[in-house]
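Take a look at the letters that make up each chain.
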Amino acid sequence: MSQVDRELLRHHGDVDAERGLVDFAVNVRLDRPPRWLRDRLAAALDRLGHYPSAADDLAAREAIASRHGRRPDEVAVLAGAAEGFALLPALRPRLAALIHPSFTEPELALRDAEVPVERVVLDDHRLDADRVPEEADLVVLGNPTNPTSVLHPAAEIRALLRPGRTVVVDEAFIDAVPGERESLAGSAEPGLLVLRSLTKMWGLPGLRAGYALGDPELLGRLTRTRPHWPVNALVLEAVRACCEPAALAESERAAEEFAEHRADLLGKLAELAEVSVAGPAEGPFLLLRAPGGERVRRELRERGVAVRRGDTFPGLGPDHVRVAVRSPEQNSLLVKAFRDVLECG
Ligand SMILES: Cc1ncc(COP(=O)(O)O)c(C=O)c1O
């Protein structure tokens, strides 16, 4: 992999979101965790005087297990979903099929470990299990997919499962989908590994908290290269807190609000004839195509608006940009900036 390719795969929205710009590039719901969660984390600071114990780890895994109807030994707490991607080479795959366009960290981790990789670029962004090479013993996809916002049917993902194959579903954004529709987190199926993240819903990118769900043997192989005490006491506390009934209710309300705000943004964007939207979109962001590519992004930036460039995602080009779904007021600001830039072009 050339240095240029590596840098493109390593590009994420946080780099596009420079200070002082209205941020439509990063898809984190809140600019900091909610008060109740900060209070829980602050109270847990007292526990930093001890190594996280097996009992602390078990308590976090029990909370996750009960949230998803799984057993605690089917859960591994991770330093974010990103750690799950970094661990994938430990499964020693012979051929990894990566469904694209999609989040690029899994590809980077696998390529860096010299795992042979095949990109499966979807037509119309819809999953077609038949497109995946039969010899692939590892398949990685996102649901809903970043950056397309398309939610794949759980049945189509299940159709990827085979004896001897691991299917990794990155569900980092599925808590933004009402009812977590199409989630496989509660499905105990051989070879299925689901990755989840606390980052987006709870405004926690700086904590690094997530988890993996899969059968114990698969989790054992995935995590065997980790150091002792792989996640800290604050991560374990955050996981427990975010699995409690009040947090789940708040998450569901936020998902419903995302759906309303997305409909608002889609309605406003429909007034811009030059802009098309990938879909059907079900996530908290939209993939847009607007003629003018880099010029559009530059001029949006000059007007104080940051969007995520799309061309670093395999299968997309310079005219693609991803935008976060925000409040109706912010959506109006985004669409106005787009209108001004497109009219000037
Ligand atoms: C689709 C997707 N999956 C996973 C991650 C990483 O999540 P975490 O913060 O839990 O490592 C991101 C971060 O941007 C993402 O966009």
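Computed from a prediction, not measured in an experiment: that's the story for all the values here. (Residues numbered from 1 in each chain as written. Predicted model: local features only at pLDDT ≥ 70, side-chain atom pairs only at ≥ 80, totals over all residues.)

Re the overall build of the protein chain
Then, in step 1: A tally of helices and strands in the protein chain yields 13 helices and 13 strands.
Then, in step 2: Scaling as 2.2 N^0.38, a compact globule of 345 residues should have a C-alpha radius of gyration of about 20 Å, and the protein chain matches this with 20 Å.
Then, in step 3: For the protein chain, the spread of C-alpha atoms along the three principal axes comes to 60 × 50 × 35 Å.
Then, in step 4: Taken across its 345 residues, the protein chain has 47% of its residues classed as buried. (Helix = DSSP H or I, 4+ residues; strand = E, 2+ residues; numbered from the N terminus. Rg over C-alpha atoms; globule rule 2.2 N^0.38 Å. Buried ≥ 20, exposed ≤ 12 C-beta atoms within 10 Å, placed from the backbone.)

Describing the pairing of strand β4 (residues 117–121)
Then, in step 1: Taken together, the five bridges between strand β3 (residues 96–100) and β4 define a ladder with parallel strand orientation. Counterpart to His-100 in the pairing with β4 is Val-121.
Then, in step 2: On the question of chirality, the crossover connecting β3 to the parallel β4 by way of helix α6 (residues 105–112) is right-handed. (Pairing = 2+ DSSP bridges. Right-handed = clockwise from strand over helix to strand, strands pointing away.)

Here we look at the sheet that holds strand β9 (residues 276–277)
Then, in step 1: Here we have four strands laid out as an open sheet, ordered β9-β10-β13-β12, and antiparallel in their pairing. Each of the sheet's edge strands pairs with one partner strand only, and the pair in question is β9 and β12 (308–309).
Then, in step 2: In this structure, β9 lies alongside strand β10 (residues 285–289), joined through two bridges in antiparallel fashion. Paired with Val-277 across the two strands is Leu-288, which belongs to β10.

Description of the site of the ligand
Then, in step 1: Taken together, 13 residues lie near the ligand, and Gly-80, Ala-82, Ala-172, Ser-197 and Thr-199 sit nearest.
Then, in step 2: Taken together, the residues of the shell around the ligand sort by class into five nonpolar, seven polar and one charged. (Near = placed C-beta within 6 Å. Nonpolar A, V, L, I, M, F, W, Y, C, P; charged D, E, K, R; others polar.)

Quick look at helix α11 (residues 245–269)
Then, in step 1: Counted at 1.5 Å a residue, the expected span for α11 with its 25 residues is 36 Å, and the 36 Å between its end C-alpha atoms agrees.
Then, in step 2: Along α11, the residues that are buried comprise Ala-247, Ala-255, Phe-258, Arg-262, Leu-265 and Leu-269.
Then, in step 3: Summarising the contacts, the buried residues of α11 are in contact with α10 (233–242), β9, β10 and α13 (328–344). (Expected span 1.5 Å × (residues − 1). Contact = placed C-beta atoms within 7 Å.)

Notes on the nonpolar core
Then, in step 1: Judged by nonpolar contacts, the single largest core of 95 residues is most densely connected at Ala-238 and Val-239.
Then, in step 2: Of the residues forming this core, the biggest block, eight residues, is contributed by α10.
Then, in step 3: Domain assignment of the residues forming this core places at least three in each of domain 1 (3–31 + 252–344) and domain 2 (35–247).
Then, in step 4: If we ignore the near neighbours within four places in the chain, the residues touching Ala-238 are Leu-37, Leu-41, Leu-198, Leu-204, Leu-207 and Ala-209. (Core = buried A, V, L, I, M, F, W, Y, C linked by C-beta atoms within 7 Å. Domains from an automatic or database assignment.)

Some details on the UniProt feature "domain: Aminotransferase class I/classII large" (unreviewed entry) in the protein chain
Then, in step 1: Mapped onto this numbering, the UniProt entry annotates "domain: Aminotransferase class I/classII large" (unreviewed entry) at residues 22–337.
Then, in step 2: Along residues 22–337, the helical share is 35% and the strand share 16%, with 11 Å between the first and last C-alpha atoms. (UniProt positions renumbered as here; feature names shortened; annotations may be inferred.)

Topic: the domain arrangement of the protein chain
Then, in step 1: According to the domain assignment, the protein chain consists of domain 1 (3–31 + 252–344) and domain 2 (35–247).
Then, in step 2: A C-alpha centroid distance of 25 Å is found between domain 1 and domain 2.
Then, in step 3: Going through the elements one at a time, α1 (3–10), α11 and β10 are the ones with two or more residues in the side of domain 1 that touches domain 2.
Then, in step 4: Looking at the side of domain 1 that touches domain 2 residue by residue, the classes come out as 17 nonpolar, five polar and eight charged.

Thoughts on the sheet that holds strand β5 (residues 138–142)
Then, in step 1: One open sheet accounts for seven strands, arranged β2-β8-β7-β6-β5-β3-β4; its pairing is mixed. This sheet does not close on itself; its edge strands, each paired only once, are β2 (75–78) and β4. Neighbour-to-neighbour, the strand axes of the sheet open up by a mean angle of 20 degrees, direction not taken into account.
Then, in step 2: As paired strands, β2 and strand β8 (residues 210–213) are joined by four bridges and run antiparallel to one another. The partner of Leu-78 across the bridge, within β8, is Gly-210.
Then, in step 3: Docked against the sheet, helix α4 (residues 54–68) engages β2 and β8, running at close to 115 degrees with respect to β2. (Axes fitted to C-alpha atoms, helices over the stretch in contact; angles between N-to-C directions.)

Quick word on the packing of helix α12 (residues 293–302) against α13
Then, in step 1: Running from N to C, α12 and α13 cross one another at 125 degrees; their axes reach a closest spacing of 10 Å. In this view, α12 runs oblique relative to α13, as classed from their interaxial angle. Remark: the crossing between α12 and α13 carries right-handed chirality. Facing α12, whose interface residues are Val-296, Glu-299 and Leu-300, α13 presents Ala-337, Val-341 and Cys-344.
Then, in step 2: Residue composition of the contact of α12 with α13, by class: five nonpolar, no polar and one charged. (Parallel < 35°, antiparallel > 145°, perpendicular 65-115°, else oblique. Left-handed = near helix turned anticlockwise from the far one by under 90°.)

Re the environment of His-320
Then, in step 1: Here His-320 shows up in strand β13 (residues 320–324).
Then, in step 2: Through-space distance from the C-alpha of His-320 to that of Val-275 is 9.8 Å; in sequence the pair is 45 residues apart.
Then, in step 3: Ignoring sequence-local partners within four residues, the contact set of His-320 consists of Leu-287, Arg-289, Gly-310 and Asp-311.

Some remarks on the environment of Ala-337
Then, in step 1: Tracing the chain through its elements places Ala-337 in helix α13.
Then, in step 2: Judged by the 21 C-beta atoms lying within 10 Å of it, Ala-337 falls in the buried class.
Then, in step 3: Here the alpha-carbon distance between Ala-337 and Gly-20, two residues 317 residues apart in the chain, equals 16 Å.
Then, in step 4: The residues touching Ala-337, leaving out its near neighbours within four places in the chain, are Leu-300, Arg-303 and Val-305.

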